[in-house]
Amino acid sequence: KTIYFACIERANKSSYKVVESAGYKPLGKVNTLGFSRFFPKTNKSIKQITTKEQKVEVLNLLEQTYENHTLTQFDSLFIKNNYFVIREKGQIIAGCQYHRSHWIIKNMKGFMGKIIMNIVPLIPVINKLFNPKRFEFLAFEGIYFKSGYEHKIYSLFEGLLAREKLKSSMFWMGKNCPIRKKIMTNGKLGMIHSFIKNSDVEVMASFKNMNEIEILNVKSNPIFASAFDYI
């Protein structure tokens, strides 16, 4: 049983048609989310996951959190041991992996895209959030928070930005992902989100050795997105 999938940017109509002609059909949308702070604060309660036992603990939590998601996989976790958590009373209440990355952005669509590309880099402070010639950011994935501690993920994100001396980050989640909805309603993502919030991705899929019931089940679940696939 195999699922082949492709991620197509919403505005890339030519790629969409090529993938569609190969027999792939829409599976769902993945939202691009940005998180930024002009002056991120350090957080001494953030701890790095390094031991085998700690990694097993994290994987168990993530498997429970995303058990009803489609395309779930944690292959890119623990790269460079960059999974970090916040604990309270010995329990993990928030956690995520980050990948440090940078893009060179050539173009952004629409009138607002032109403003962001040509004017934002000239504005002091704001240009520290976004520089199209070298947009440095953290890509988050494997995001976890204990129920009732949703707000703590913001403290973790901010502390990791401070750790890496950056101001911007991005992460990707299925449009119908309940984790995404909880994050969106428990804090403010920051200015960078307004720059990139319309950069949605269409996930196209083709199925092998799967019956209609299995395919329907896959399509009915929210999509899990690994940041490593997008950077």
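Residues numbered from 1 in each chain as written. Predicted model: local features only at pLDDT ≥ 70, side-chain atom pairs only at ≥ 80, totals over all residues. Heavy atoms only, no water.

Chemist: Any chance you could explain the pairing of strand 2 (residues 25-36) here in plain terms?
Modeler: Every regular strand shows the same layout, with side chains that alternate between the two sheet faces. For strand 2, a buried count of 9 out of 12 residues is recorded, marking the element as mostly surrounded by other parts of the structure. Bridging between strand 2 and strand 7 (residues 168-174) involves 7 bridges; their strand directions are antiparallel. Counterpart to Asn31 in the pairing with strand 7 is Met173. (Buried < 20%, exposed > 50% of the residue type's maximum accessible area, 1.4 Å probe, protein only. Helix = DSSP H or I, 4+ residues; strand = E, 2+ residues; numbered from the N terminus. Pairing = 2+ DSSP bridges.)

Chemist: What is the right way to look at helix 5 (residues 152-164) in this model?
Modeler: Note that an α-helix has 3.6 residues per turn; residues three or four places apart therefore point the same way. With 13 residues, helix 5 ought to run about 18 Å at 1.5 Å a step, and its terminal C-alpha atoms sit 19 Å apart, in line with that. In terms of residue burial, helix 5 counts as a mostly covered element, since 10 of its 13 residues are buried. When we look at burial in helix 5, the residues that qualify are Ile153, Tyr154, Leu156, Phe157, Glu158, Gly159, Leu160, Leu161, Ala162 and Glu164. A positive phi of about 55° marks Lys165, the residue just after helix 5. (Expected span 1.5 Å × (residues − 1).)

Chemist: Can you walk me through the packing of aromatic side chains in this structure?
Modeler: Two measures describe an aromatic ring pair: the distance that separates the ring centres and the angle between the ring planes. Following the criterion strictly, the structure yields 14 aromatic pairs and no others. Look at Phe84 and Tyr98: their rings are 5.6 Å apart centre to centre, the planes differ by 10°, and that puts the pair in the stacked class. Of the two residues, Phe84 sits in strand 4 (residues 83-88) while Tyr98 sits in strand 5 (residues 91-103), which places them 14 residues apart along the sequence. For Phe84, a relative accessible area of 2% corresponds to the buried category. Judged by relative accessible area, Tyr98 falls into the buried class, the value being 2%. Put simply, the rings of Phe35, Phe140, Tyr154, Phe157 and Phe171 touch in pairs and so form one group of aromatic residues. (Phe/Tyr/Trp six-rings, centres within 6.5 Å; stacked < 30°, edge-to-face > 60°.)

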